[in-house]
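# Structural overview for review
Residues per chain, in single letters:
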Amino acid sequence: MTTTTLKLQGMSCAACANSIQSAIQQVPGVSLAQVNFAAEQAAVEYDDRITTLASIQKAVADAGYAAQPITELATGDEEMQEQRARRTQQRALMQKVMVSGAIGILLVLGTLPMMLGTDIPGWPMFLHNPWLQLVLATPVLFWAGQSFFVGAWKAFVHRSANMNTLVALGTGTAYLYSVFVTVFPQVLARQGLVPDVYYEAAVVIIALLLLGRYLEDRARGQTSDAIRKLMGLQANTARVVRQGREVDLPIAEVVVGDVIVVRPGEKIPVDGEIVEGRSHLNESMVTGEPIPVEKGVGEEVIGATINKTGSFKFRASRVGKDTVLAQIVKLVQDAQGSKAPIQKLADQATGWFVPVVIAIALLTFIIWFNALGNLTLALLTTVSVLIIACPCALGLATPTSVMVGTGKGAENGILIKGAESLEQAHKLNVIVVDKTGTLTQGKPTVTNYAGDAGELDILALAAAVERYSEHPLAEAVVHYAEARGLDRHSLPAVEAFDAVTGRGVQGTVRGRLVQIGTDRWMQQLGIDTQADTRPQTQAFQLQRQQWEAEAKTTAWIAVDGGRRWAGGHLRCAEALFGSGRGSAAADGAGGGHANRRQSPNGGGDRPRRRYRSRSGRSSPRGKSRPGQTTPEPGQAGGYGGGRH
């Protein structure tokens, strides 16, 4: 079986989606078809031995619509073209809204004295002239409202009915009746009827529906921002070794097996395995953990992650739609295009809704005309039924909520598998998260600082050196110094700055050597951080034991090689999301329906202890691989993904 996703064009309502779905399902070999109106997509599963993608596209075309397969991660140029096309469409739609709205206001003003049943002194009565109203209303119906009539005709040709059918029947009837009254007013006068026209009703209805369509189209564009942001994470080019030379190629031209060179600060273009060199990579877009990970020969690198320090070569193993980023994008696309179980009810309703509305409208006309003998009143009530009974809200509400929910989740680093997961989310009582990065803001902050002598002086020296580093902990130190009143722009200059990979940084400030890094590096430099017996250092050791229990990252500061032990240390940790403690307080509360959160945690033991001590969550388990992050026996089945 083959599964594909189609981008649809030409839909105007939920009934259109049902027509397309029905057309696809009738193709031999198709086992599953799900059309999402809000996402403008169709998920199709078919047997490629029986049918082809071209046959499915032809079935969609025969139904009066268009479909194109979504197969690859879009390139930057394709994405820009799609955005330009959407903006052009929205501008054209807004022009129609403004023109039809302005004409609608003029027609309502001209009809107002008739509506009130009295003359208004000084009122522009010329606006009530039926011939002028005919001239004003005609372009609105057949230019601004053209899409409604074209859509209704397509539905008629394919022996179906949709929202366009209702709008075309309602506004067309009001318009044609008004034209007849304008041209032959004496016919109604001979029957004792007032020859009133209703151009304003048709125009205002068109204007309001176009406004709704514009807002709907804009909402679709906004909910697709998550996809665009994810696509924007990928690199546009790759430096590939071809025939012994390094050449820059568009990412679409990279093939499996290519050797790619990555320099400091560059994005990894595709997935692969390092064959030469070492570096530290920021993989927070996948793991949620902000601390760069050291990578060497034979280790995997992931496309769209960022190389921080060294330069290396790697061999591409996955490109295009097979990369991790492409799979994340596909997951979000599939989720936005999926249908919630409750939507089946809406689909069934919209399937018979339009024919029933037309039948009710005809019955309304017959009853009012026979009961009162008033053709005008019967016609107006019929038009009202056709216009007001619009199935779009019914068919659009559920898929739009799915799009917004999954899109907002993706923007905040939460990948939702599908609409069914959203619908069942209110039943959850245990949530299993696979990484501590899922629960943190992804940015370390300095939580504690102590200086051996002159705390602000030592902090100023540390911040001056860290200002030259791009490590996340370095930025945390600089921000902390600013919070203590030190301006980064007034920090002293640094000479001979050096970043020691995996250890720390050092530099000369005002003739003094400043070194900031791990305890292990200090020991390698011959600086004994525990040898000093002064009260300040003893206090360091007591604090150190407490902070180690909290699994906070330690950065030691040594000045002048630690010979006089003028130094200090900083403690850094990742901040939990703002709701973290509030949620933690609720753990175990609520009687028999406790909302517990558990962390199998693929991030190792230190993050697990930090997570447990700071969030208050229950049952953390450390050093698990993502494939092992499953609930223990007896626990509710659920899962969460790390921040991308």
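Residues numbered from 1 in each chain as written. Predicted model: local features only at pLDDT ≥ 70, side-chain atom pairs only at ≥ 80, totals over all residues. Heavy atoms only, no water.

## Overview of the packing of aromatic side chains
Selection rule: Any two rings among Phe, Tyr and Trp, with Trp reduced to its six-membered ring, count as a pair given centres within 6.5 Å; such a pair is stacked if its planes are under 30 degrees apart, edge-to-face if over 60, and tilted if neither. Only DSSP runs of H or I reaching four residues or more are called helices, and only runs of E reaching two or more are called strands; each is numbered from the N terminus. Per-residue accessibility, obtained with a 1.4 Å probe over protein chains only, is compared with the maximum for each type, and a residue is labelled buried under 20%, exposed over 50%, and partly exposed between these values. Look at NZ for Lys and CZ for Arg. If either is within 6 Å of the ring centre and within 35 degrees of the ring normal, a charge sits over the ring.
Tallied over the entire structure, the rule returns nine aromatic pairs. Ring geometry for Phe-142 against Tyr-175: centres 5.4 Å apart, planes inclined by 80 degrees, an arrangement best described as edge-to-face. Remark: Tyr-175 occurs in helix H6 (residues 163-183) and Phe-142 occurs in helix H4 (residues 130-144); sequence separation between them is 33 residues. Taking relative accessible area as the criterion, Tyr-175 reaches 8% and is therefore assigned buried. An aromatic cluster is present here, built from Phe-142, Phe-149, Tyr-175 and Tyr-199 joined pairwise through their rings. Across the ring face of Trp-143, the terminal group of Lys-96 is positioned such that the distance to the ring centre comes to 5.9 Å.

## Considering the sheet that holds strand S7 (residues 259-262)
Heads up, the condition is: Whether two strands pair comes down to DSSP finding at least two bridges between them.
Pairing in this open sheet of six strands is antiparallel, and the strands run S6-S5-S7-S13-S8-S11 from one edge to the other. Strands at the two margins of the open sheet, each flanked by one partner only, are strand S6 (245-250) and strand S11 (300-301). Where strand S5 (residues 237-242) meets S6, six bridges bridge the pair, whose relative direction is antiparallel. In the sheet register, Ala-238 faces S6, and the bridge partner there is Leu-249.

## Regarding the environment of Val-301
For clarity, the threshold we go by: The contact criterion used is simple: two residues touch if any of their non-hydrogen atoms lie within 4.5 Å.
Structurally, Val-301 can be placed in strand S11. A sequence separation of 32 residues divides Val-301 from Pro-269, and the C-alpha atoms of the two residues are 9.7 Å apart. Apart from the residues lying within four places of it in its own chain, the contact partners of Val-301 are Ile-268, Val-270, Asp-271, Gly-272, Glu-273, Ile-274, Leu-281, Phe-312 and Phe-314.

## Here's the deal with the sheet that holds strand S10 (residues 293-295)
Strand order in the open sheet formed by three strands is S10-S9-S12, and the pairing between neighbours is antiparallel. Both outer strands of the open sheet, S10 and strand S12 (306-307), are each paired with one neighbouring strand and no more. Strand direction decides the pairing type here: strand S9 (residues 279-282) and S10, joined by three bridges, are antiparallel. For Ser-279, the partnering residue across the bridge sits in S10 and is Lys-295.

## Describing the confidence of the model for the chain
Filter applied, for reference: For every residue, the predictor reports its confidence as pLDDT, a number between 0 and 100.
Within the chain, residue pLDDT values average 74, and 68% of them lie at 70 or more. Put simply, helix H20 (residues 580-586) is where the chain has its lowest mean pLDDT, 38, and S7 is where it has its highest, 94. Note that residues 579-619 has pLDDT below 50 and, in this model, 102 contacts with residues that lie over four places away or in other chains. Overall, residues 622-644 carries pLDDT values under 50, and its contacts beyond four positions in sequence, including any with other chains, amount to 57 contacts.

## A closer look at the pairing of strand S13 (residues 312-318)
Where S7 meets S13, four bridges bridge the pair, whose relative direction is antiparallel. Its bridge partner lying in S13, Val-261 is registered against Lys-313. In terms of strand pairing, strand S8 (residues 271-277) meets S13 through six bridges, oriented antiparallel. By the bridge assignment, Gly-272 is partnered in S13 with Ala-316.

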